[in-house]
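A closer look at the structure
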Amino acid sequence: MSAKPAVLLIGGVDPQGCAGLTADIQTVSHHDCHPVPLVTALTEQRSDGLVNLGALSAEAFLTQYESCVADFDIAAIKIGLIPDRHIADCIVKIVERHEVPVILDPVLAASSGGLSIEPEVSEIIRQQLLGKITLLTPNLPELGRLSAEVQPMELAAQQLLNEGLAACLVKGGHAETAFATDYFSSAQTTFYVYQPRLKNQVRGTGCVLASSIASQLALGHDLRDAIILAKAYLTRGIRDANQQGPYHLVTHHRHPLTISDIPRLCYRADLIGKHFDFPACPKNLGVYPVVDSADWVERLLTIGVKTIQLRIKDKATAKTRSEIFDAVATSQQHHEVSFFVNDHWQMAIEAGAYGVHLGQEDLHDANLLEIEQSGLRLGVSTHSYWELARALAVNPSYIALGPVYPTTSKQMPWAPQGIERLQQWQSILADQYPLVAIGGIDLPRARILKQTGVNSVAMISAITQADDYQSVTRELVHLWADHHL
């Protein structure tokens, strides 16, 4: 068995065991990582507020650090309470020694009130730490202190990025809105992640979120996936929060993800909480060829295929339009056929297609309201947890996951998902969304996937490049005959 990734946890001790390093250690342990705690302060705090910071001396702190790293290779760092400028200077030096993901949760005041952190700490964070970390996770008041109260939060986050910060996740828990919404910003992208606000007022949530993100990064996840997985972990923990003394505390768990745990993701604030209502398609789409011509559509429908997609790339608009209209006309001559057009949603609407399939970039650019109002079904491609969160936000007719296996149809920037991930998503989506497996699936692999219970498989070259496509297609149709409902 390989060693668990070690996560260095830099923060203060909460004497009541509700937040700070206690919450960090529990979180990291439940992510199957090894927590390595580095104490910055022995605080004195109660339900009525922070009484004393109890900062360690710089010498004691650095001596402790050397023991922390003496026998472990650190895979990620999470930074919480920085009690004074002396500890802040030490942390800058520590971060410079490690080329690993660093999450900074800037605890600039206790949530229960009382003492706050000296202004010099904010200045050191802003001038010396921001350019060295992977992600900053401030709440709205902390963002205000670090950005000199720039409004709105999108501009404040951008200001910090302009000063050298790589990425910022602004926690929206302090906003009085129907949805608990966080805002992510980096040089590459910005988005909102949101969920219905839960009633529980829970202590230590910021610590748990940042430690969960650090753990997910230590386990090798992409930053966006780490955020989605951490949000899901925290949501489940808040929903199941237990009473301890005067507080509600996060319940830590290792339960499988559920669809209610996963936040939704959108790119515009006006789409937060927007509900789309695309028509349903068959729960089990069965064998699902993806072809590049109306001729292939006709050939495959003639031998019993019930679900098919026309994907045309790099052809003139007139030729694409002709192919789509011809394929729609052909599909309408066959009984109970689910015919999807890839990408070209306007033409799909004009031609009267059954549905449209969009990739993530297409999903970003398409007019979803117009597609919804047209009555088309919507299928969405996903390759990661954050893309799943994006797909769930639009409530599509089905969700595709891939590549399940290595594929030769096009260059893929994503690693193969594998059967285990496919089964996990099958469990997550359950009866709410049909799941289509795609990528590198041939006849032998289709037989294997059939045994997992996946209800739909999309195939390209396994059919269109087969020596005997009719024989292969008939066997696949027969294999999934009892799946098509």
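Residues numbered from 1 in each chain as written. Predicted model: local features only at pLDDT ≥ 70, side-chain atom pairs only at ≥ 80, totals over all residues. Heavy atoms only, no water.

So, about the pairing of strand β21 (residues 435-438). Residues in a regular strand point their side chains to alternate faces of the sheet. As judged from the three bridges shared by strand β20 (residues 398-401) and β21, these two strands associate in the parallel manner. Paired with Ala-400 across the two strands is Val-436, which belongs to β21. In terms of strand pairing, β21 meets strand β22 (residues 456-459) through three bridges, oriented parallel. Residue pairing across strands places Ala-437 opposite Val-457, the latter belonging to β22. Running through helix α16 (residues 443-452), the crossover from β21 to the neighbouring parallel element β22 is right-handed. (Pairing = 2+ DSSP bridges. Helix = DSSP H or I, 4+ residues; strand = E, 2+ residues; numbered from the N terminus. Right-handed = clockwise from strand over helix to strand, strands pointing away.)

Attention now goes to the pattern of salt bridges. Taken as a whole, this structure holds 19 salt bridges when the rule is applied. Between Lys-231 and Asp-182 there is a salt bridge whose closest N-O contact spans 2.8 Å. Taken together, the residues Lys-231 in helix α8 (residues 223-239) and Asp-182 in strand β9 (residues 179-186) connect sequence positions 49 residues apart. Assigned by exposure class, Lys-231 and Asp-182 land together as buried. Across the pair Arg-321 and Glu-350 runs a salt bridge whose closest N-O atoms are separated by 2.7 Å. Taken together, the positions of Arg-321 in helix α10 (residues 317-331) and Glu-350 in helix α11 (residues 345-351) put the pair 29 residues apart, joining distant regions of the chain. One network of salt bridges, in which partners are shared, links Arg-236, Arg-239, Asp-240 and Asp-261. (Salt bridge = Lys/Arg side-chain N within 4 Å of Asp/Glu carboxyl O. Buried < 20%, exposed > 50% of the residue type's maximum accessible area, 1.4 Å probe, protein only.)

Before going further, it helps to spend a moment on the sheet that holds strand β12 (residues 242-244). Read across the sheet, three strands follow the order β11-β13-β12 without closing on themselves; strand pairing throughout is mixed. Strand pairing shows two members of the sheet lacking a second neighbour, β11 (202-203) and β12, which therefore form its edges. Sheet analysis places β12 next to strand β13 (residues 247-249), joined by three bridges and oriented antiparallel. Pairing of Gln-244 across the sheet is with Tyr-247, part of β13.

Mapped onto the elements of the fold, Lys-78 is located in strand β5 (residues 74-79). Within the structure, the side chain of Lys-78 is placed 3.0 Å from the side chain of Asp-24, a separation counted as a polar contact. Excluding anything up to four places from it in sequence, Lys-78 contacts Leu-8, Leu-9, Ile-10, Asp-24, Ile-103, Asp-105, Cys-207, Ala-210, Ser-211 and Ala-214. (Polar contact = N/O pair within 3.5 Å; in protein donor to acceptor, adjacent residues only side chain to side chain. Contact = heavy atoms within 4.5 Å.)

So, on to the sheet that holds β21. Taken together, the eight strands give a closed barrel; going around it, the order is β15-β16-β17-β18-β19-β20-β21-β22, and neighbouring strands pair in parallel fashion. Averaged over all neighbouring strand pairs, the angle between strand axes comes to 25°, with direction disregarded. Where strand β15 (residues 286-291) and β22 come together, four bridges link them in parallel fashion. Looking at the pairing, Tyr-288 lines up with Ala-458 of β22. Packing of helix α14 (residues 385-394) onto the sheet brings it into contact with β19 (377-382) and β20, and relative to β19 it is tilted by some 170°. Contacts from helix α15 (residues 418-429) reach β19, β20 and β21 within the one sheet, and its direction differs from that of β21 by about 165°. (Axes fitted to C-alpha atoms, helices over the stretch in contact; angles between N-to-C directions.)

It is worth spelling out the nonpolar core at this point. Counting 108 residues, the largest nonpolar core has Ile-213 and Phe-339 as the members making the most contacts within it. Here the element with the most residues in this core is α8; it accounts for 10 residues. When residues no more than four places from it in sequence are discounted, the contact partners of Ile-213 are Ile-103, Leu-135, Thr-137, Leu-169, Leu-223, Ala-226, Ile-227 and Ala-230. Core analysis: the second largest hydrophobic core is formed by 52 residues, Ile-82, Ala-88, Leu-143 and Ala-156 among them. (Core = buried A, V, L, I, M, F, W, Y, C linked by side-chain atoms within 4.5 Å.)

Turning our eyes to something else, we now look at the pairing of strand β16 (residues 307-310). Alternating positions in β16 separate into two faces, Thr-307 and Gln-309 on one and Ile-308 and Leu-310 on the other, with burial throughout. Taken together, the two bridges between β15 and β16 define a ladder with parallel strand orientation. Across the sheet, Val-291 pairs through a bridge with Leu-310, a residue of β16. In terms of handedness, the path from β15 via helix α9 (residues 294-302) over to β16 forms a crossover that is right-handed.

We now examine helix α1 (residues 20-30). By the burial criterion, the buried members of α1 are Gly-20, Leu-21, Ala-23, Asp-24, Thr-27 and Val-28. End-on view of α1: buried residues confined to an arc of 160°, all on one side of the axis. Against β1 (6-13), β2 (34-42), β5, α7 (205-218) and α8 lie the buried residues of α1. (Arc of directions from axis to C-beta.)

Our next topic: unusual backbone geometry. Note that the residue after Gln-151, namely Pro-152, is joined by a cis bond; omega there is -5°. Among the structural elements, Pro-152 can be located in the loop between α5 (140-146) and α6 (153-162). Following Gly-402, the chain continues into Pro-403 via a peptide bond in cis, with omega recorded as -5°. Structurally, the position occupied by Pro-403 is in the loop between β20 and α15. Unlike most non-glycine residues, Ala-430 shows phi in positive territory, near 45°. Its location among the elements puts Ala-430 in the loop between α15 and β21. We classify Ala-430 as partly exposed; its relative accessible area is 44%.

Next up on the list: the packing of α16 against helix α18 (residues 469-479). The N-to-C vectors of α16 and α18 enclose an angle of 0°; their axes lie 11 Å apart at closest approach. One finds that α16 runs roughly parallel with respect to α18. Contacts between α16 and α18 pair Leu-443, Ala-446, Arg-447 and Lys-450 from the former with Glu-475, Leu-476 and Leu-479 from the latter. (Parallel < 35°, antiparallel > 145°, perpendicular 65-115°, else oblique.)

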